[in-house]
Amino acid sequence: MSIAASTREPPPPGATPHPLGALGVVLVAAGRGERLGADVPKAFVELRGRSLVEFGVGVVTSLPHAGHLVIVVPESRAAQALELVDGILPEHSQWEVSVVHGGRERHESVRFGVDALPEAVDTVLVHDAARPFASAALFERVIAEVRRTGDAVVPALPVVDTLKRIDANGMVHETVDRAPLVAVQTPQGFPREVLAAAHATAALHSEPPTDDAEVVQRAGGRVRTVPGELRAHKLTTPEDLPILDSFLTANAVGPGGEA
Ligand code: CTP
Ligand code: MG
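Of all eight residues making up strand S7 (residues 121-128), seven are buried, and the element is well covered by its neighbours. Note: strand S2 (residues 22-28) against S7, seven bridges, orientation parallel. Across the sheet, Ala22 pairs through a bridge with Val121, a residue of S7. Looking at chain direction, S7 and strand S12 (residues 188-191) are connected through four bridges and run antiparallel. In the sheet register, Thr123 faces S12, and the bridge partner there is Pro191.

In structure tokens form, the structure reads like this:
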């Protein structure tokens with residue numbers, strides 16, 4: 001893993017850019033997208049001419065914070081990622097952006113991204129590029145709750161369908177009480193030291209974690225929820241494409257990815 005490059009100049013001398021400790025965002029975009037089966041890695045699939053990673057960079061750098069964004073991409077896509085950042089970032093953006101190479105598993109990509117954040121960063125959000133339309137309001141909700149509580153925070157949606165437990169033959173055994181169940185999304189937020197310490201011990205487990213909250217849970221950390229949103233839907237299979245496209249119609253998503 002290596003830092004490919006960094007863009008935009010540092011703040012002017014005398015500026016105090018991060019009085020509360022800095023915000024860092026890791027945008028993970030290094031997956032292969034096997035379930036989607038496109039001819040490019042999933043984060044580089046385009047919706048109406050813009051790639052998923054482009055939408056993600058747009059919403060993060062539209063947040064009214066000074067911050068550091070690390071985009072984690074397949075090695076072959078680093079130059080393309082830097083180019084698109086140059087196209088999106090306004091000249092006097094408060095965001096510093098860098099690009100690093102990902103790992104084989106998602107949690108490795110996250111760790112490489114967190115390692116690339118400057119030391120001043122004390123609050124970290126991890127976001128899937130595969131959720132291109134998560135709103136700025138959702139990012140703000142997660143950031144505020146991490147800073148208020150010092151806990152890990154995940155966006156969660158109630159489960160609306162009736163849930164059944166089935167066996168390998170597809171036979172129903174029982175209905176599962178859905179009341180205590182939620183579906184979780186990204187961005188997920190963490191005090192940096194909580195996430196970094198949890199990732200340092202994650203390798204001890206055989207099953208790869210499917211989200212970052214799981215990494216913190218395994219390390220015994222507290223994870224709390226804030227309300228998620230439908231538009232943070234993840235592109236996983238081709239059936240998700242029309243769902244995401246529906247968020248682009250009726251001006252649901254603006255040019256910077258904002259609502
Ligand atoms: N991701 C990553 N590095 C990996 C695996 C996943 O950065 N080694 C990122 C993906 O790019 C995506 C997010 O993690 O934005 C969520 O993962 P997922 O939906 O599983 O994406 P893919 O791994 O690309 O898809 P698939 O599992 O179908 O191959
Ligand atoms: Mg995957």
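Let us look at the environment of Gly31. Position of Gly31 among the secondary structure elements: in the loop between S2 and strand S3 (46-47). Classification of Gly31 by relative accessible area gives partly exposed; the value is 45%. Leave out the neighbours within four places in its chain, and Gly31 touches Pro41 and Lys42.

Close contacts around ligand 1 come from 18 residues, with Val28, Glu34, Lys42, Ser109 and Lys234 the closest. Taking Arg106, its main chain carries an N or O atom lying 3.5 Å from a nitrogen atom of ligand 1. When ligand 1 sits alone it has 560 Å² of accessible area, and the protein chains cover 89% of it. When its residues are assigned to classes, the shell around ligand 1 shows five nonpolar, four polar and nine charged.

An ideal rise of 1.5 Å per residue puts 20 Å on 14 residues; helix H4 (residues 136-149) measures up with 20 Å between its terminal C-alpha atoms. Ala136, Leu138, Phe139, Val142, Ile143, Glu145 and Val146 are the residues of H4 that are buried. Where the residues of H4 are buried, they touch S2, helix H1 (52-61), S7, strand S8 (152-158), S12 and strand S13 (223-227). One or two residues past the end of H4 sits Gly150, with phi positive at roughly 75 degrees.

What follows is about the side chain of His68. Within the secondary structure, His68 is located in strand S5 (residues 67-73). For His68, the side chain forms a polar contact with the side chain of Glu96, separated by 3.3 Å.

A few words on the environment of Ala179. Inspection of the secondary structure puts Ala179 in the loop between strand S10 (172-176) and strand S11 (182-184). According to the relative accessible area criterion, Ala179 is exposed, its value standing at 66%. The spacing of Ala179 and Val160 is 19 residues in sequence and 9.4 Å in space, taken between C-alpha atoms.

The next subject is the confidence of the model for the chain. Interpreting fine coordinate detail is not advised for predicted regions of low pLDDT. The share of residues in the chain with pLDDT of 70 or more is 87%, and the mean pLDDT across the chain is 90. Predicted confidence is poor over residues 1-9, with pLDDT under 50, and the contacts of this stretch with residues over four places away or in other chains come to 31 contacts. Of the regions scoring below 50 in pLDDT, residues 255-259 engages in eleven contacts with residues more than four places distant in sequence or in other chains.

The next point concerns the pattern of salt bridges. Counted under the stated rule, the structure contains twelve salt bridges. The partner of Asp128 in a salt bridge is Arg106, and the shortest N-O contact between them spans 2.9 Å. Placement of the pair is Asp128 in strand S7 and Arg106 in helix H3 (residues 106-115), with a sequence separation of 22 residues. Salt-bridge contacts for Asp122 lead to Arg147; the nearest nitrogen and oxygen are separated by 3.9 Å. Separated by 25 residues along the polypeptide, Asp122 in strand S7 and Arg147 in helix H4 bring together distant segments of the chain. Connected via shared salt-bridge partners are Glu145, Arg148, Asp151, Arg222 and Arg224.

Now for the packing of aromatic side chains. Per the counting criterion, the structure on display carries two aromatic pairs. Summarising the aromatic geometry, the rings of Phe55 and Phe133 are spaced 4.9 Å apart at their centres and angled 80 degrees between planes, so their arrangement reads as edge-to-face. Of the two residues, Phe55 sits in helix H1 while Phe133 sits in the loop between S7 and H4, which places them 78 residues apart along the sequence. One aromatic cluster in this structure is built from Phe55, Phe133 and Phe247. Sitting above the plane of the Phe44 ring, Arg77 keeps its charged end 5.3 Å from the centroid.

Basis of the calculations
- Sequence order sets the numbering: in each chain, residues are counted from 1 along the sequence as written.
- Naming scheme: in the order in which they are written, chains are lettered from A and ligands are numbered from 1.
- Note on the predicted model: pLDDT of at least 70 is required for a residue's local features to be given, and 80 or more for side-chain atom pairs to be given and counted; whole-chain, interface and lining totals, by contrast, use all residues.
- Computation of side-chain values: all heavy atoms of the structure, hydrogens and water removed.
- For every residue, the accessible area (1.4 Å probe, protein chains only) is compared with the maximum for its type, and the residue is labelled buried under 20%, exposed over 50%, or partly exposed between those bounds.
- Every helix listed is a DSSP run of H or I at least four residues long, and every strand listed is a run of E at least two residues long, numbered separately from the N terminus.
- One requirement defines pairing of two strands: DSSP has to find at least two bridges between them.
- By definition in these notes, contact holds between two residues if any of their heavy atoms fall within 4.5 Å.
- Each residue is tested against the molecule or strand, and it is near if at least one of its non-hydrogen atoms lies within 4 Å.
- Definition of a polar contact: a pair of N or O atoms within 3.5 Å, with one able to donate and the other able to accept a hydrogen when the atoms are protein atoms, and with sequence-neighbouring residues admitted only if both atoms are side-chain atoms.
- To measure how exposed things are, a 1.4 Å probe is used in the Shrake-Rupley method; for residues, cover is taken only from the protein chains shown.
- Residue polarity is assigned by list, with Asp, Glu, Lys and Arg as charged and Ala, Val, Leu, Ile, Met, Phe, Trp, Tyr, Cys and Pro as nonpolar; anything else, Gly included, falls into the polar class.
- In a helix, the anticipated span is given by 1.5 Å times the number of residues less one.
- The quantity called pLDDT is the predictor's confidence in a given residue, expressed from 0 to 100.
- Salt bridges are counted wherever a side-chain nitrogen of Lys or Arg sits within 4 Å of a carboxyl oxygen of Asp or Glu.
- Each Phe, Tyr or Trp ring (for Trp, its six-membered ring) is paired with any other whose centre lies within 6.5 Å, and the angle between the two planes then decides the class: stacked below 30 degrees, edge-to-face above 60, tilted in between.
- Two conditions define a charge sitting above a ring: the NZ of Lys or the CZ of Arg must be within 6 Å of the ring centre, and it must be within 35 degrees of the ring normal.

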